[in-house]
Number of protein chains: 2
Amino acid sequence: MTLEGCYLGVDGGGTKTEALIADAWGHVLGRGLAGPSNPYFVAGRAALRAIDAAIRAARTQAGQPSIIRAALCVPGLRRHYDIDTLARELGLGVEGLVVEGDDRSSFYGALGGEHGAVVLAGTGSFAMGVNRAGEQVSVGGWGPILGDEGSGYWIGLHALRAVIRAHEGRGPATLLTSLVMAHYALSDIAELRARVYGERESQRGISALVPLVLQAAEAGDASAARIIADAGEALAALGITVVRQLGMDSADYDLVLAGGVSRLGRWVSEPFRAAVRAVCSAINMRGPRLSPAGGAVMLALRAGGVAWTSKVLGNLVEASIG
Amino acid sequence: MTLEGCYLGVDGGGTKTEALIADAWGHVLGRGLAGPSNPYFVAGRAALRAIDAAIRAARTQAGQPSIIRAALCVPGLRRHYDIDTLARELGLGVEGLVVEGDDRSSFYGALGGEHGAVVLAGTGSFAMGVNRAGEQVSVGGWGPILGDEGSGYWIGLHALRAVIRAHEGRGPATLLTSLVMAHYALSDIAELRARVYGERESQRGISALVPLVLQAAEAGDASAARIIADAGEALAALGITVVRQLGMDSADYDLVLAGGVSRLGRWVSEPFRAAVRAVCSAINMRGPRLSPAGGAVMLALRAGGVAWTSKVLGNLVEASIG
């Protein structure tokens, strides 16, 4: 009577929310985008509204299929809402609903598979791995004060510190100075202090400086290039720890650098690869295979008993990134 | 009719408040101590009450002399109270009242004179200098996120990061682990996260770890020794910048490392001195001459037209530190 059911994956965070609907073969039928849905960042019911909007858009594009399994991968969702509320508000069946953090969708999306290691560097940073014995290790992710080495926040902060050192004659002049001043629309570097300490979302505000650091590096600025390279090496240290602890240094395993920072291209990937290769001789380094929303669909498929065959994943890869 | 007037100096901060009363020859007649008076840290009228208590104790010890000049050196006092309120509440004459930040009392106290450079490392860090041409430079002091390199906060933070890295197998085992766990009364390192991010006064709470880092260094822990040495080098970088910008690299000038971090002894002073000496061949490095409260008395004396002769300063040194 009904068509065969479909699988819904939602990945949400502090910037945007993406929903993907696929069939059991991994063919993507619909996609929807909406604003931020991290309930730690958006007030009241805005998180639910964003998730709902993304799902509705994907459902419309997919022709309103029935959803038999759904995976919601949004940080903190479990802490803010119980599963009955989520199912009711989003029009999803409670039985088929999986709720996870966005670390899971990012991990499986980046690997496009079950085993291997992922270094995730967005606003924060951490590394996670699973080997074929089923052992799991996760390191980093200690937040902006204690950790998050090599993250977008970390890169932005080091850019600000380079601007200050240049201003005080404690470090070389840098293109970052004019870029940062223009970004904040400041005329006096002393005002940086008020901006950084006054801003409520200083963690995300500082991460927003990452594109300026890339711009400066591409224009030949040595300070900017050094900051990104240091980030690559710090991220490599996270990945190396996971790879070693799980005994994964072989060509059978992938190590993937994913997240917004990975989009800094060779500026970050070359120092990352060099630092990993210096101690891990055999692991296969590559970029992410699927988007985090693709990873969320993978979780929905698995919840429905659909195996992650290369055929299914190949279809998902094609539509979710390509 | 009245006895010749006396000079009152008050140095206050987030930890304690000290008042010193001296005569025009620098003989200290009374001293008073009280709790914290930094109005950014203590609520309501507690700052004024602490300053008042310290002054009353010093006045009592000195035999209730008349105060003809007073210098109140407490961060943020000018922002929180107007000078009439301060004079009225503290029973001081408005005309003879000087209100400054504690950076001034610390600077003049550390130098015990007018010219030279001081690196101040307490909870935060900065360096300041004045040369004989009257030029003044100050660097650092950008707060816990943007700066404060080598400060107590910085040392405590690096200790926490070393504990995390050891815990995750990203760094060597360290004695700091057991010391930090005992300090916070934690059984699980994962709880550090909640402690550090949850604590309101995390800046001061983290600075409070400095004695543990010293304890670990003295027990032979390499991580702890390295953290303190790195702090010494970071503080040297601040001092070097000031010395160079003011052209003060000669034996005629002093460079003083002062503040709570300087009490880490050779662990911090040896790397500090080595790093300074590597680029500044002639400047005279030494410890602080007077306490910050002594520096506050110096400011009161100057406001009263009393010259900082070696006789006057010698008397102050004897009583304020000796």
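Residues numbered from 1 in each chain as written. Chains lettered and ligands numbered in written order. Predicted model: local features only at pLDDT ≥ 70, side-chain atom pairs only at ≥ 80, totals over all residues. Heavy atoms only, no water.

A short note on the packing of helix α10 (residues 210-218) of chain A against helix α11 (residues 222-245) of chain A
Residue and element names in this part refer to chain A. The condition is simple: A fitted line through C-alpha atoms serves as each axis, taken over the contacting stretch for helices, and the angle formed by two N-to-C directions is quoted from 0 to 180°. Only DSSP runs of H or I covering at least 4 residues are called helices, and only runs of E covering at least 2 are called strands; the numbering of each starts at the N terminus. These descriptions rest on fixed angle ranges, namely under 35 degrees for roughly parallel, over 145 for roughly antiparallel, 65 to 115 for roughly perpendicular, and the rest for oblique. Handedness of a crossing follows from how the near helix is turned relative to the far one, being left-handed for an anticlockwise turn of less than a right angle and right-handed for a clockwise one. By definition, residues are in contact when any of their heavy atoms lie within 4.5 Å.
Orientation of α10 relative to α11, taken along the N-to-C sense of each, is 120 degrees, at an axis distance of 7 Å. Of the possible angle classes, the one that applies to α10 and α11 is oblique. Here α10 and α11 pass one another in a crossing that is left-handed. Contact residues: α10 offers Val213, Leu214, Ala216 and Ala217, while α11 offers Ala224, Ala225, Ile227 and Ile228.

Quick word on the relation of the copies chain A and chain B
Defined as follows: Our superposition of the copies is a least-squares fit, built on the C-alpha atoms of residues whose pLDDT is at least 70 in both.
Of the transformation superimposing chain A on chain B, the axial component is 0.0 Å and the angular component is 180 degrees, with the fit at an RMSD of 0.0 Å. As the rotation angle and translation indicate, the two copies are arranged about a two-fold axis. Within chain A, the C-alpha atom positioned nearest to the axis of rotation is that of Ile145 of chain A, 4.1 Å from it. Both copies present the same face, since 100% of the interface residues in chain A are matched by interface residues at the equivalent positions in chain B.

Section: the packing of aromatic side chains
Residue and element names in this part refer to chain B. Rules: Here is the rule: rings of Phe, Tyr and Trp (six-membered ring for Trp) pair when centre to centre is within 6.5 Å. Planes less than 30 degrees apart are stacked, more than 60 are edge-to-face, and the remainder are tilted. Each residue is assigned to one of three classes by its accessible area relative to the maximum for its type, calculated with a 1.4 Å probe on protein chains only: buried under 20%, partly exposed between the two thresholds, exposed over 50%.
Applying the stated rule across the entire model yields 4 aromatic pairs over all chains. Between the aromatic rings of Phe107 and Tyr108, the centroid separation amounts to 5.0 Å while the plane-to-plane angle is 75 degrees, which identifies the pairing as edge-to-face. The class for Phe107 is buried, based on a relative accessible area of 1%. In this structure Tyr108 comes out as buried when scored by relative accessible area, which is 4%. Each ring, one from Tyr108 and one from Trp308, has its centre 5.2 Å from the other, and the planes form 65 degrees; the classification is edge-to-face. Remark: Trp308 occurs in the loop between α13 (292-303) and α14 (310-320) and Tyr108 occurs in helix α4 (residues 102-111); sequence separation between them is 200 residues.

Some details on the domain arrangement of chain A
Often the size quoted for an interface is simply the accessible area lost on bringing the parts together. Residues and elements named next belong to chain A. To be explicit about the condition: These domain boundaries are the output of an automatic or database domain assignment. Two parts placed together each lose some accessible area under a 1.4 Å probe, and adding up what both lose gives the buried area. Put simply, a salt bridge is a Lys or Arg side-chain nitrogen that is within 4 Å of an Asp or Glu carboxyl oxygen. Nitrogen and oxygen atoms within 3.5 Å of one another constitute a polar contact, given that in protein one can donate a hydrogen and the other can accept it, and given that sequence-neighbouring residues count only through two side-chain atoms. Gly is placed with the polar residues, together with every amino acid not listed as nonpolar (Ala, Val, Leu, Ile, Met, Phe, Trp, Tyr, Cys and Pro) or charged (Asp, Glu, Lys and Arg).
Assigned domains of chain A: these are domain 1 (6-109 + 290-320) and domain 2 (114-288). Listed per partner, the contact involves 10 residues of domain 1 and 12 residues of domain 2. Where domain 1 abuts domain 2, roughly 960 Å² becomes buried across the two surfaces, and 61% of that area is made up of carbon and sulfur atoms. The interface formed by domain 1 and domain 2 holds 1 salt bridge in total. Among the salt bridges present, the one from Arg302 reaches Glu114, with a minimum N-O distance of 2.6 Å. Linking domain 1 with domain 2 are 1 residue pair in polar contact (both at pLDDT 80 or more). A total of 5 residues in the side of domain 1 that touches domain 2 trace back to one element, the largest contributor, which is helix α4 (residues 102-111). Counted by class, the side of domain 1 that touches domain 2 contains 5 nonpolar, 2 polar and 3 charged residues.

With respect to the sheet that holds strand β8 (residues 136-140) of chain A
All names here are of chain A. Counted only if it meets this: Note on pairing: DSSP must find at least two bridges between two strands before they are called paired.
Ordered in space as β8-β7-β6-β9-β10, the 5 strands form an open sheet in which the pairing is mixed. Each of the sheet's edge strands pairs with one partner strand only, and the pair in question is β8 and β10 (284-286). Pairwise comparison of adjacent strand axes, ignoring direction, gives a mean angle of 15 degrees for this sheet. Relative to strand β7 (residues 125-130), α11 is tilted by about 20 degrees, and along the sheet it contacts β6 (116-121), β7, β8 and β9 (254-258). This element, helix α12 (residues 266-279), spans β6, β9 and β10 of the sheet and lies at about 170 degrees to β10.

Some words on the pattern of salt bridges
In the structure shown here, the tally under the stated rule is 20 salt bridges over all chains. Two residues, Glu18 of chain A and Lys16 of chain A, come together in a salt bridge whose shortest N-O distance is 3.8 Å. Its salt-bridge partner being Asp230 of chain B, residue Arg226 of chain B comes within 2.8 Å of it at the nearest N-O pair. Of this pair, Arg226 of chain B and Asp230 of chain B both sit in helix α11 (residues 222-245), 4 residues apart, which is roughly one turn of the helix. Residue Arg226 of chain B is classed as partly exposed on the basis of its relative accessible area of 42%. Through salt bridges with shared partners, a single network forms among Lys16, Glu18 and Arg31 of chain A.

Brief notes about α4 of chain B
Residue and element names in this part refer to chain B. Judged by how many residues are buried, α4 sits mostly within the fold: 8 of 10 residues are covered. Listed in full, the buried residues belonging to α4 are Arg104, Ser105, Ser106, Phe107, Tyr108, Gly109, Ala110 and Leu111. A positive phi of about 60 degrees marks Gly112, the residue just after α4.

As for the confidence of the model for chain A
Counted only if it meets this: The predictor attaches a confidence to each residue, and that confidence, scored 0 to 100, is pLDDT.
In this model, chain A carries an average pLDDT of 91, and 97% of its residues clear a pLDDT of 70 or more. At the low end of the mean pLDDT range in chain A sits helix α9 (residues 202-207) of chain A, at 81; at the high end sits α11 of chain A, at 97.

What about the pairing of strand β6 (residues 116-121) of chain B?
Residues and elements named next belong to chain B. β6 sits mainly inside the fold: 6 of its 6 residues count as buried. On β6, burial covers both faces: Gly116, Val118 and Leu120 on one face and Ala117, Val119 and Ala121 on the other are all buried. With 6 bridges joining them, β6 and strand β7 (residues 125-130) adopt antiparallel strand pairing. Residue pairing in the sheet places Leu120 in a bridge with Phe126 of β7. The antiparallel hairpin formed by β6 and β7 contains 3 residues in its connecting segment. The sheet contact formed by β6 and strand β9 (residues 254-258) spans 4 bridges and is parallel.

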